[in-house]
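Coordinate inspection notes
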Amino acid sequence: MTTDATRLRCNICGGERFVDMPERPKVRCAGCGSLERTRVCALRLQGDLAPRSGANVLHFAPERGLSQFLRTLSQGNYRAVDIAPENYPGLGVQPFDLCRDVFSLPEATYDIIVMNHVLEHIECNYSAVLLRLARALTDDGVLMFSVPVEGEEFRDNIALGSDAEKAGRFGAFRHYRNFGRAFIGQTLGMLFDMPSDYDLTRHVTEAQLRQAAIRPHHWRKVTGASVFAVRRRDVRV
């Protein structure tokens, strides 16, 4: 029997029912649709990264549950953007192409920028994008992002071709790059001053993680659910 201490509960919407995804049992909240990475973002913003009241928030490819959470947090200072706004009906998403528009972002403006599983899709230099996003942060602002991590090796390959050709080569979702676990230090770690090891339990208790349906294999190793949090002062170049 599940006790109150171990009952699953989404920290974004409060829902207690989670549904399966392929090879991942009970990871998607049935209420708000959140996944592990979005709940990790919220846990950090509910804890050690809690922002000031009315923080300015920029949210890329907005997840429904996290979008509502950030809207409430920002008290109206929330902007949701994506290259395909039509994929997010009802969320007020504005068109934004990271490869074309990132340099138009005002500097030292946003207290929170959130971008989960976006960098693998963009057809340009992901390092330039991250560095320009960091410049858009206020002095105490935080850029929170996650990336796909499948295996150890890093892969980065954008190419010419039709949509059909790209889908055939890079998959239906067009993952142009994979941030291999063994190369985080030589990729993201070359851009930002980050801990050499990932340990979510430095910031969130194990009890909170268990309750939010974030399983132990995500706690102390880089996975697709890992959320990196960096500030302007962490930029190394």
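Residues numbered from 1 in each chain as written. Predicted model: local features only at pLDDT ≥ 70, side-chain atom pairs only at ≥ 80, totals over all residues. Heavy atoms only, no water.

In the annotation of an unreviewed UniProt entry, the protein is listed under the name Class I SAM-dependent methyltransferase and assigned to Camelimonas fluminis.

Once that is clear, we can look at the packing of aromatic side chains. One pass over the structure, following the stated rule, counts eight aromatic pairs. Where Y126 meets F179, the ring centres are 5.1 Å apart and the plane angle is 90°; that geometry is what we call edge-to-face. Taken together, the residues Y126 in helix 4 (residues 126-135) and F179 in the loop between strand 9 (177-178) and helix 6 (188-191) connect sequence positions 53 residues apart. Ring geometry for F170 and Y176: centres 4.8 Å apart, planes at 65°, overall edge-to-face. Residue classification places Y176 among the buried positions, given a relative accessible area of 3%. Among the aromatic residues, those joined into a cluster by ring pairs are F145, F192, Y198 and F228. (Phe/Tyr/Trp six-rings, centres within 6.5 Å; stacked < 30°, edge-to-face > 60°. Helix = DSSP H or I, 4+ residues; strand = E, 2+ residues; numbered from the N terminus. Buried < 20%, exposed > 50% of the residue type's maximum accessible area, 1.4 Å probe, protein only.)

This next bit is on the state of the cysteines. Chemically, a disulfide is nothing more than a covalent bond linking the sulfur atoms of two cysteines. All told, the structure shown has one disulfide when counted by the stated rule. The disulfide partner of C99 is C124, and the S-S distance across this bridge is 2.2 Å. Taking the torsion about the S-S bond as the criterion, the C99 to C124 disulfide, at about -85°, is left-handed. One end of the pair, C99, is in helix 3 (residues 98-101); the other, C124, is in the loop between strand 6 (110-116) and helix 4, and 25 residues separate them in sequence. Here C13 is not disulfide-linked; the sulfur of C29 is the nearest cysteine sulfur, at 3.5 Å. (Disulfide = S-S within 2.5 Å.)

Strand residues, when the strand is regular, have side chains that alternate between the two faces of the sheet. Here strand 1 (residues 18-21) pairs with strand 2 (residues 24-29) via three bridges, running antiparallel. Its bridge partner being in strand 2, M21 is matched across the sheet by R24. Taken together, strand 1 and the strand that follows it, strand 2, pair antiparallel across an intervening segment of two residues, in which E23 is found at a positive phi of about 65°. (Pairing = 2+ DSSP bridges.)

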